[in-house]
Amino acid sequence: MSQLKVPKGTRDILGREIHLWRRIEETVYSVAQLFGYQEIRTPIFESTELFARGVGEGTDIVQKEMYTFLDKGGRSLTLRPEGTAPVMRAYLEQGFAVHEPRVKWFYLGPMFRYERPQAGRMRQFHQFGFEAIGFESPACDAEIILIAWTIYEELGLKRLSLEINSLGCNHCKPGYIEALKNFFRDRSEELCSNCKDRLERNPLRILDCKVETCQTVLRSTAFPNLQDFLCEDCKKHQAELLQTLTALGIPFVINPHLVRGLDYYTRTAFEVKTGELGAQDAVGGGGRYDNLSQALGGQRVPGVGFAAGMERIVLLLQKEETETSSERSGVYLAPLGKEGERYLLVLSRVLLQHGIPFYTDFADKTLKYHLKRAQKMGIRWVVILGEEEIQKSVFLLKDMISGEQISLSQEGLLKKLQEEISGAENTYLR
RNA sequence: GUGAGCGUGGCUCAACGGUCAGAGCACUGGACUGUGGCUCCAGGGGUUGGGGGUUCGAAUCCCCUCGCUCACCCCA
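As the structure is a computational prediction, the values presented were derived from the model and not from experiment.

Caption draft 1: Quick peek at the overall build of chain A. In terms of helices and strands, chain A carries 17 helices and 16 strands. For chain A, the C-alpha radius of gyration of 28 Å lies well beyond 22 Å, the compact-globule estimate for 430 residues. C-alpha atoms of chain A, sized along the principal axes, occupy 95 × 60 × 45 Å. If you take every contact in chain A between residues at least 6 apart in sequence, the share linking residues at least 24 apart comes to 69%. Working note: accessible area of chain A is about 22,000 Å², and carbon and sulfur atoms make up 50% of it. Positive and negative side-chain charges in chain A, numbering 55 and 57 respectively, have mean positions lying 4 Å apart.

Here it is in structure tokens:
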């Protein structure tokens, strides 16, 4: 009988690490609130068709990375591999297009992709994302980037770089793809096998191929540059976005080879990268998706958004994190014997009413055990209650730092604890 | 899906093919019968990932399998 283990590419998150997750989540919530974005929670699984149509049939995600299954009713369902398509689905399904066409939403939660796990890449991973739907203005693209930037900054992440590009729109994208195909008409032999395939299925993706032979082709002077094919509107959109970013003081580099893996992107595409995570260097990315709603069968609705990978941020925080104190606030209740347990449980109700955090250990062990345990947990104040105290109707309060201890009545104990422990203070991590 | 490296107590790691597979940390108990940290002593905990093979003898060598890690691919 072999030990049961978590499925490949998944893991338990607990212990010290959980504080990091909480910190990220709290930052996301507070920045969202400051920018006026509302939370949306969509299902963990959706109909397979949503992703096939929304993310794109030709993408790697749809072709090989989805957790797809049939339910007992024979419906094809898929664990969500990303968050934007479901959000747009909800927007259309709930009729926002007609009754409230402009919304600003954010989400937070697990995503699933069937891939070989490696550093910073899991089969179940977590993203938070922000979506602004119904806005055409490049200023909105800039706001999305500003939100991302604010969150990274708020978390204290350094040395991140922002890469940005424009993928064109329905007017100019086809022209560029045509030019690409023309260019390769007699040079396709120079491409790697993967890219030969892409030439038909997803030609833009050739741009970010890392194979050396493809790179050589990409660097040739005759190679069509995406930026040269942008129509006037797209050029203007990009120029305004870049101008705004400059005004905001957000540094960026234009990467004409940045194309994102999902079909729905138009115009703005961007990626936030770090140099500290090995091969999986993108900590967030996003862009404009003016074609998505129509791909899902809705009317044309513009949108722009981004998503960030939480485990990658956790990895970065762990690298930067210096020693953190694990001191807990509150009081350790140390009962000696059954009677002590009962009395302390009653006391805990009183503490509750005063907002004093407590931890009661029901191990039914010696005082030595309790003191060791409180020590290990980093709790300063210990209330000891055994036969002696019960007889005298007192509580023995011990200060683990000074070693001093005093007998107190319940009122005296409460007074002292309230002085020493400011209830609201949460010292679990700074 | 492809390639490489690695699987030994809860954790980190020892053990030239040769007695009962060890140590540190952690845990439990004692020295200290109701007083923590430091120290000392003792104890529990392993089918050496699983299966097969070679051998008088396998944690060690070979094959298969599973898992982990890293990279490719792709992305967050």
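Structure's up, so let's keep going.
Caption draft 2: Molecular detail of the domain arrangement of chain A. Looking at chain A, the domain boundaries give domain 1 (17-172 + 230-320) and domain 2 (328-420). Summarising the inter-unit geometry, the C-alpha centres of domain 1 and domain 2 are found 49 Å apart.

Caption draft 3: Local environment of the pairing of strand 12 (residues 328-335). In terms of residue burial, strand 12 counts as a mostly covered element, since six of its eight residues are buried. Both strand 12 and strand 14 (residues 379-385) contribute to a ladder of six bridges, which runs parallel. Its bridge partner being in strand 14, Val-331 is matched across the sheet by Trp-381. As defined by bridge partners, strand 12 adjoins strand 13 (residues 358-360) across three bridges and the pair is classed as parallel. Across the sheet, the residue bridging to Tyr-332 is Tyr-359, located in strand 13. Where the polypeptide runs from strand 12 across helix 14 (residues 337-353) and back to strand 13, its parallel neighbour, the crossover connection is right-handed.

Caption draft 4: Local environment of the sheet that holds strand 4 (residues 76-79). One open sheet holds the three strands; their spatial order is 2-4-3, and the pairing between them is antiparallel. Pairing within the sheet leaves two strands with one partner each, and these edge strands are strand 2 (45-47) and strand 3 (67-70). For this sheet, the mean angle separating the axes of adjacent strands, direction not counted, is 35 degrees. Strand direction decides the pairing type here: strand 3 and strand 4, joined by four bridges, are antiparallel. Opposite Thr-68, over in strand 4, you have Thr-78 as the bridge partner.

Caption draft 5: Fine view of the environment of Thr-274. Within the secondary structure, Thr-274 is located in strand 9 (residues 266-274). On the accessibility criterion, Thr-274 (6% relative accessible area) is buried. A C-alpha to C-alpha distance of 8.6 Å links Thr-274 and Lys-158, two positions 116 residues apart in sequence. The residues touching Thr-274, leaving out its near neighbours within four places in the chain, are Arg-159, Leu-160, Asp-281, Val-283 and Leu-316. Within the local environment of Thr-274, its side chain forms a polar contact with the backbone nitrogen of Glu-276, the two atoms lying 3.1 Å apart.

Caption draft 6: Representation of the protein's contact with RNA strand B in the model. Contacts to RNA strand B come from 52 residues, most closely from Arg-198, Arg-260, Gly-261, Ala-282 and Met-400. The contact atoms of RNA strand B, taken as those within 4 Å of the protein, divide so that sugar and phosphate hold 50%. Between Arg-121 and RNA strand B, the recorded distance is 2.6 Å, taken from a side-chain N or O atom to a base nitrogen. Between RNA strand B and Met-400, the relevant distance is 2.4 Å, taken from a base nitrogen to a main-chain nitrogen or oxygen of the residue. Going through the elements one at a time, helix 3 (60-64), strand 6 (124-133), helix 8 (193-201), strand 10 (282-288), strand 11 (303-309), helix 15 (367-377), helix 16 (387-392) and strand 15 (395-399) are the ones with two or more residues in the surface near RNA strand B. Broken down by element, the residue count for the surface near RNA strand B peaks at seven residues, all from helix 15. Broken down by class, the residue content of the surface near RNA strand B amounts to 14 nonpolar, 15 polar and 23 charged.

Caption draft 7: Inspection of the packing of aromatic side chains at higher detail. Using the criterion set out here, one finds 14 aromatic pairs in the structure. Seen from their ring centres, Tyr-67 and Tyr-114 are 5.6 Å apart, and the 75 degrees between their planes marks the pair as edge-to-face. You can see Tyr-67 sitting in strand 3 and its partner Tyr-114 sitting in the loop between strand 5 (103-112) and strand 6, a full 47 residues away along the chain. With a centroid separation of 6.0 Å and an interplanar angle of 20 degrees, the aromatic rings of Tyr-91 and Phe-96 are classed as stacked. Classification of Phe-96 as buried rests on a relative accessible area of 16%.

Caption draft 8: Quick peek at the sheet that holds strand 1 (residues 38-39). Taking strand neighbours across the sheet as the criterion, the eight strands line up as 1-5-6-11-10-9-7-8 in an open arrangement whose pairing is mixed. Looking at which strands have only one partner, the edges of the open sheet turn out to be strand 1 and strand 8 (253-254). Across two bridges, strand 7 (residues 160-166) lies against strand 8 in parallel orientation. The residue of strand 8 that forms the bridge with Glu-163 is Val-253. Its contacts with the sheet put helix 13 (residues 310-320) on strand 5, strand 6, strand 7, strand 9, strand 10 and strand 11, and the angle it makes with strand 6 is roughly 110 degrees.

The rules we used
Residues numbered from 1 in each chain as written. Chains lettered and ligands numbered in written order. Predicted model: local features only at pLDDT ≥ 70, side-chain atom pairs only at ≥ 80, totals over all residues. Heavy atoms only, no water. Helix = DSSP H or I, 4+ residues; strand = E, 2+ residues; numbered from the N terminus. Rg over C-alpha atoms; globule rule 2.2 N^0.38 Å. Contact = heavy atoms within 4.5 Å. Areas by Shrake-Rupley, 256 points an atom, 1.4 Å probe, with all protein chains shown as cover. Lys, Arg positive; Asp, Glu negative; His and termini not counted. Charge placed at Lys NZ, Arg CZ, Asp CG, Glu CD. Domains from an automatic or database assignment. Buried < 20%, exposed > 50% of the residue type's maximum accessible area, 1.4 Å probe, protein only. Pairing = 2+ DSSP bridges. Right-handed = clockwise from strand over helix to strand, strands pointing away. Axes fitted to C-alpha atoms, helices over the stretch in contact; angles between N-to-C directions. Polar contact = N/O pair within 3.5 Å; in protein donor to acceptor, adjacent residues only side chain to side chain. Near = heavy atom within 4 Å. Nonpolar A, V, L, I, M, F, W, Y, C, P; charged D, E, K, R; others polar. Phe/Tyr/Trp six-rings, centres within 6.5 Å; stacked < 30°, edge-to-face > 60°.

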